[in-house]
Amino acid sequence: EAEPASEKGKAKKKKEKGVTFTREQAEQMEQAVRQLETVKDQFTRLAAEYDNYRKRTAKEKDSLYQDAKADTIREFLAVYDNLERACATEGDDDSPHKKGLVMIFHQYQETLKKLGVEEITALGQPFDPETMNAVMHVDDGRFGENEVAQVFQAGFRLGDRMVRHAIVQVAN
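What you see is a predicted model, and the numbers here were worked out from it, not measured in a lab. (Residues numbered from 1 in each chain as written. Predicted model: local features only at pLDDT ≥ 70, side-chain atom pairs only at ≥ 80, totals over all residues. Heavy atoms only, no water.)

A. The arrangement of the sheet that holds strand β2 (residues 132-138) in detail. Overall, mixed pairing links the 3 strands, which are arranged β2-β6-β3 in an open sheet. Where the open sheet ends on each side, the last strands, each with one partner, are β2 and β3 (148-153). Here the strands of the sheet are splayed against their neighbours by 30° on average, with no regard to which way each runs. Pairing of β2 with strand β6 (residues 166-171), which is carried by 6 bridges, proceeds in the parallel orientation. Bridging from a neighbouring strand, Met 136 pairs with Gln 169 of β6. (Pairing = 2+ DSSP bridges. Helix = DSSP H or I, 4+ residues; strand = E, 2+ residues; numbered from the N terminus. Axes fitted to C-alpha atoms, helices over the stretch in contact; angles between N-to-C directions.)

B. Focus on the pairing of strand β5 (residues 161-164). Across 3 bridges, strand β4 (residues 155-158) lies against β5 in antiparallel orientation. The partner of Phe 156 across the bridge, within β5, is Arg 164. What sits between the antiparallel neighbours β4 and β5 is a turn of 2 residues, in which Gly 159 has the positive phi angle 65°.

C. Representation of the packing of aromatic side chains. Applying the stated rule across the entire model yields 4 aromatic pairs. Aromatic side chains Tyr 80 and Tyr 108 sit 6.1 Å apart centroid to centroid with 45° between the ring planes, which places their arrangement in the tilted category. Here Tyr 80, found in helix α2 (residues 23-88), pairs with Tyr 108, found in helix α3 (residues 96-114); they are 28 residues apart in sequence, far enough to count as distant. Taken individually, Tyr 80 and Tyr 108 each receive the classification buried, so the pair is uniform in this respect. On the basis of an interplanar angle of 85° and a centroid distance of 5.0 Å, the ring pair of Tyr 80 and Phe 156 is categorised as edge-to-face. Of this pair, Tyr 80 sits in helix α2 while Phe 156 sits in strand β4; the two residues are 76 residues apart in sequence, bridging distant segments of the chain. Classification of Tyr 80 by relative accessible area gives buried; the value is 1%. The structure contains a cluster of three or more aromatic residues connected by ring pairs, namely Tyr 80, Phe 105, Tyr 108 and Phe 156. (Phe/Tyr/Trp six-rings, centres within 6.5 Å; stacked < 30°, edge-to-face > 60°. Buried < 20%, exposed > 50% of the residue type's maximum accessible area, 1.4 Å probe, protein only.)

D. Looking closely at the pattern of salt bridges. This structure, assessed with the given rule, holds 11 salt bridges. Here Glu 37 and Lys 40 are joined by a salt bridge, their closest N and O atoms 3.8 Å apart. A residue pair is termed a helical-turn pair when its members lie 3 or 4 positions apart in one helix, as Glu 37 and Lys 40 do in helix α2 at 3 residues. Residue Glu 37 is classed as partly exposed on the basis of its relative accessible area, which comes to 44%. Overall, Lys 40 belongs to the partly exposed group, its relative accessible area being 44%. With a shortest N-O distance of 2.4 Å, Arg 54 and Asp 51 are connected by a salt bridge. Of this pair, Arg 54 and Asp 51 are both found in helix α2, 3 residues apart, which corresponds to roughly one turn of the helix. (Salt bridge = Lys/Arg side-chain N within 4 Å of Asp/Glu carboxyl O.)

So this is what it looks like as structure tokens:
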């Protein structure tokens, strides 16, 4: 019975032995630590480079999509112009054909709005070369200096991109 008690004492008195390394082993471990730090640095740089690549390609993809969207909308603006002219023609406003054209034109305008296309307000506004092309000049006392007197063709923007400049006549 005394033996188990002495075994317990031995277990408590057991000392951890210190590990000693040779100089060569210590140098190898230091070299391994340096290599690990180098690999960790390379990994961090590669991860950052990949993140930048991912963001850049997402931005390029969105830009390409927006360019294609603007180009497509630009092509459909000829239909807009024709509908606008058809609705502006003189004639019987109660005619079912005219009413149908006006309804189609309003539907077309709503579709453009849903796509994020906004018409540039030009008539009566100061001339803005960023959004308008002046094709005529008129001296008219009813308008102020560099004020748009007439809009020949509506201009449109998609977000911050110009889809088409407004073609206008500028007064004074």
